[in-house]
Amino acid sequence: MLAVIGYGALLISFIISLYAIFAAIYGELKKQSRWVDSARRAMLLTFPVITVSAISMIILLVSGNYEVAYVAKVTSDSMPAYLKITAFWGGQAGSLLFWSWLMSAFASLVMLRKWDRDREFLPWVIVVTMVTLAFFLSLSVFFENPFVRTWWTASGPMVKQVFQPAGGLMYVPGQGSGLNPLLRHWGMVIHPPMLYLGFVSFVIPFAFAIASLITKRSDDRWIKITRRWTLWAWLFLSMGLILGGRWAYDVLGWGGYWAWDPVEVAALLPWLAGTPFLHSVMIQEKRGMMKHWNMFLIILTYGMMVLGTFLTRSGAVTSVHSFSQSQIGPYFLVFTLISVAGSLFLLFYRWSSLKAETKMKSWLSREGLFLINNFLFLIILFISFWLSVLYPILSEIFANARVSIGPELFEKLTGPFWLSILILMGIAPMSAWRASTAKSLGRNIWKPAAASLPILILLPIFGVTNIPGILTFWSVLFVIFVTIYEFYRGTKAKVRTSRMNAFSAFNQLVSRNRRRYGGYIIHIGAVLISLGIIGLEAFQSQTQATLSLGEEMALGEYTARFDDLNIYYTVDGTNMQVAEATLTVVKDGKVVDFIVPRVDYYLESGQPMTIPGVRSTMEDDFYAILVDWEEISTNSATFKIYHNPLVNWLWIGSIVFILGTFVAAWPTKEESGY
Amino acid sequence: MKKFQIISIFIIIAVSLIAVGNVLAQEPVPTPSADEVNSIAGNMFCPVCENIPLDVCGTEACEMWREEIADLLILGFSEDEIYEYFYERHGDMVLATPPLKGFNWLMYIIPGVAMIIGTVFLFRYLKNTTKQTAAEEIEEKPSEIKDPYLDKLEEELKKRN
C-alpha cells in the first residue's frame, strides 16, 4: 500500500510541476496574475506532495519491505535504522527521488520570499525551477521508479512494477542485499546530501539569471537577490567535496583523499565554475561590469551541475563511484544540452542589453585580479573536464582505445594554476577597486610579502628540496600574513575612529562587513587546506612488508611493531568477519600509540571494507592498512604503512573554510529583506 | 661401441658440470620487494577494477598482476619495459599516464591550446579595456553597495598609507 501511495504522490507532484510551468507561462503571456499566483501555489504544493512520497520510501526502507525492489537492493535486516534511512540516497532510484525532494524544498523556500519588488521575475523563476524539477521527477516516474515491486507472473518470468499484473503473485525476498559496505560511513551518510543540496541550490541563482534575461533586466538585482543562495549552494558543494575526501581517506584504504576519478571530477566541476562566479558577481555589484560574463558563469555552473549528475548516473565514464549503468543517460544528455544551449541562446539574444556601465581602469585593480582568478579557475575546469570526461570518450570513439587517466597528469597540468590562485589570494585583497597601480599595490603588499620571504631560504636549509612544496609553503604563509594584516589594519582603523577597544572593534569590523571578512576567513581555510594537500602530494612516503608476530617495519622516524591479530565473527547482527591487527607505533625510540587496522568482510554481500589504523597529529598521520594475513595461524600479516605529513591541516582548513562561508553568508540586517 | 659409450658419458658429465658451474657462478636474482612492485603498480590500473590503482586494489586479478610485475623484475625488465609489456597486451587502459602515441597527443595538446587561447583573450581584453578607459577618462560609477562604514574605513586606510 505504501508503495502505491509513494508512487501516486510522485506522479501527482510531476503533474503539479507541469501545471506550474504551464500556468506561469500562460499567466505571464496573457498578463493574468491569478495564473501566475496559481503557478506559485502549485510550486509550493510540490514540496508537501513529494514529502509524502519520500516518507513512504523511508518507512518502506526502515520496515524492511523487501517486496519493493529498491528496498531489497539497498537494505538488509542487519543494518541499523539510521543506515536504512541513509540507504534512501544509497542507490540510483532513491537518490533521484531524494534529489527531487530537496529541489522542491528549495523551490518552496524561494516562493516564500517577498516578491513585491521583483514580481516580473516570478513566472520565469517558477518555469526554470519547475522544468528542472519536472525533469528529475520524470526520471523517477518513468525510468527509475523507486516504488516498483517484484511479481511472479502467471506466465513465469518475474516483473518489476508498482501494480499487480493480472494473475501475478508478489515476490517477497526473505532478506535484502544490504547497502554497499563502503557507503556505511558517517562521511558517506552526509556527503551525498551535501552535494545534492549544493546542486539544487545552484538552480536558484540560475533561475533568477534566466528570469533577468527574459525580462530584459540589465541591472544586478538578480545577483543581489541570490547572493546568499549562491553562498549557501557553494558551502554545501564545498562540504560535499570535503566529506567525500574524508570518506575516501577513512574507508578506501589507499592513504589518500582524492584520486581524480571521473565522478569525483564531476562533483568538482560545478564548484570550479561556481567559485569564479562568486568572485565575479562582486565586480558587477561594485562596478556594473562583467554582466555577460556573470550570466555565462551561472549558466556554466548549472550546466556542470546537470552534467555531473548525468556522468554519475549514465555509465558514460567509468568510475568506482558510478551508479550502475541505466537507461536514463540519453535523457540526461538531451536535457543538459537543451538547457545549456537554450540559456546560451538567450544570453546572446540579450547581449546588447547587458552592456557594462563602467570600464576597467587597471589590470591590477581588484576587478582585474578577479578576472585573472576567473581565468585560472576556468582553465582548471577545462583541463579537469578534458582529461576525465571528454578525452576518454573521444579516445573510445575515434581511437577505439579506453583510457583511464591517473592523478599524476591532473596534478602536473593543474598544479601551476592552483598555485597561481593561491598567490592571487594574497595579492587581490590588497588591491583597490577601480584604480590600482603597481606602486600602490606594492606599498600595500610589501610588508606581508617581506615577512613571508625568509621561508624560501629557511626550507632548503632544513633540507626541503621539493620546489612545488617550497612555493606552496611560501604562498600559504604569504596569504596568512596578508589576511592577518588586513584584519589588523581594519581593526586599527576602527579603534582609531570609534575609540573602542581592539576586541570590540574587531568584532564590529567583522559583523558589519561579513561578506568581506568572511571571505578572508575562507581564504585562511583555503590555504590551510593547501598545506594539507601539498603535505600529502609532495611529501607522502609509504612502504609495505609482511611481518611475523613481534617483527617491526620502519618508515622515516616511525617504526611499527606487529603485536596481535584477531579474526572473529561479529555477534551484533552486522554479519561480518573481522580481521583486526594491533600495531605498536614507535617514534624516536618511544612508544607513541597503538593502532588497529582492520578489514571488515560483509558476509551478506561478500564485500570487504578496509579501515586503516591511524595515529593522527598536527604534524603528520601514521596510517596503516592490513593488506593480507595468515588465516589459520594468525602469526603473520602484510601491512602497508603511509606517512602523511600535514594532512590534518586539510580537515582543519575545511572547518575554517566552512566557518568563513557561514560568516559571509549570514544575512546582515540590511539584507534580511532578500 | 664401448669406446663411444665411455666418450658419451664423459661428455654428458662434462656438460652437466659446466652447466652446474654456470648456475652456481651466476649472481642470485633478488626477489623484488613489495615497495618496488608497488612503485610500478601505482602507475597502472587494472581493467577489471575501474580507476583503482593496481598497487592498492585488493582483487585476485590485481594480485596476479602484481605477481607478474615481480616476475618481470626478476627477469630483468626495467620499469619502462614493464609498462610497455602491459601496454602491448592490454592497451591504454592499464597506464595511469597514457603514452604519447598517435591519438593520445591530443590529450596534451588541447589543454595547452586552450590555455594559450584563453591567455590571449584575457590579455587582449584587459589591454583593450584599460587602454580605452585611459583615453576616455570615463565617469566612475558609484558603488551600488552603500556602506558608509566601508567608505570611511577605506578612507582611513588610505590616510594611513
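Residues numbered from 1 in each chain as written. Chains lettered and ligands numbered in written order. Predicted model: local features only at pLDDT ≥ 70, side-chain atom pairs only at ≥ 80, totals over all residues. Heavy atoms only, no water.

1. Focus on the overall build of chain B
Applied cut-off: In this text, helices come from DSSP runs of H or I with a minimum length of four residues, and strands from runs of E with a minimum of two, each type numbered from the N-terminal end. Relative accessibility decides the category of a residue: with a 1.4 Å probe and only protein chains considered, values under 20% of the type maximum give buried, values over 50% give exposed, and everything between is partly exposed. Residue contacts follow a heavy-atom distance rule, with two residues in contact if any of their heavy atoms lie within 4.5 Å. Note on areas: Shrake-Rupley with a 1.4 Å probe; residue coverage comes only from the protein chains shown.
When you go through chain B residue by residue, the secondary structure sums to 6 helices and 0 strands. Along chain B, helices and strands appear, N-terminal first, in the series α-α-α-α-α-α. Considering chain B as a whole, with its 161 residues, one finds that 30% of them fall into the buried category. The long-range fraction of contacts in chain B, counting pairs at least 24 apart against all pairs at least 6 apart in sequence, stands at 41%. When the accessible surface of chain B is summed, it comes to about 10,600 Å², and 63% of that surface belongs to carbon and sulfur atoms.

2. Considerations on the domain arrangement of chain B
Residue and element names in this part refer to chain B. The condition is simple: Each domain's extent is set by a domain assignment, obtained either automatically or from a database. Here the quantity called buried area is the accessible surface, traced with a 1.4 Å probe, that two parts lose on coming together, added over both. Within this document, salt bridges are pairs made up of a side-chain nitrogen of Lys or Arg and a carboxyl oxygen of Asp or Glu, the two lying within 4 Å of each other. Here a polar contact is taken to be a pair of N or O atoms separated by no more than 3.5 Å, where protein atoms must pair a possible hydrogen donor with a possible acceptor and residues adjacent in sequence count only if both atoms sit in side chains. Note on residue categories: nonpolar means Ala, Val, Leu, Ile, Met, Phe, Trp, Tyr, Cys or Pro, charged means Asp, Glu, Lys or Arg, and polar means any other residue, Gly included.
Its domain assignment divides chain B into domain 1 (23-99) and domain 2 (100-134). If you average the C-alpha positions of domain 1 and of domain 2, the two centres end up 38 Å apart. Opposite the 6 residues of domain 1 that make contact, domain 2 presents 5 residues. Here domain 1 packs against domain 2, burying approximately 430 Å² in sum over the two surfaces, 43% of which is carbon and sulfur. Taken as a group, Tyr87, Pro98 and Pro99 account for 77% of the area that domain 1 buries against domain 2, more than any other trio of residues on that side. Taken together, the connections running from domain 1 to domain 2 amount to 1 salt bridge. Applying the counting criterion to the domain 1 and domain 2 interface returns 3 residue pairs in polar contact (both at pLDDT 80 or more). Looking at the side of domain 1 that touches domain 2, its residues break down into 3 nonpolar, 1 polar and 2 charged.

3. What about the sheet that holds strand β3 (residues 169-170) of chain A?
All names here are of chain A. To keep things clear, this is the line we draw: Paired strands are those between which DSSP finds at least two bridges.
Spatially, the 3 strands line up as an open sheet ordered β2-β1-β3, and their pairing is antiparallel. Two strands in the sheet have a free side with no partner beyond their single neighbour: β2 (158-161) and β3. Note that strand β1 (residues 149-152) and β3 share 2 bridges and pair antiparallel. Across the sheet, residue tryptophan 151 finds its bridge partner in β3, namely methionine 170.

4. Overview of the environment of tyrosine 125 of chain B
You can see tyrosine 125 of chain B is positioned in helix α5 (residues 105-136). Classification of tyrosine 125 of chain B as partly exposed rests on a relative accessible area of 36%. Residues tyrosine 125 of chain B and aspartate 55 of chain B, 70 residues apart in the sequence, show an inter-C-alpha distance of 47 Å. Residues within four places of tyrosine 125 of chain B in sequence aside, it is in contact with Met289, Met290, Met360 and Leu371 of chain A.

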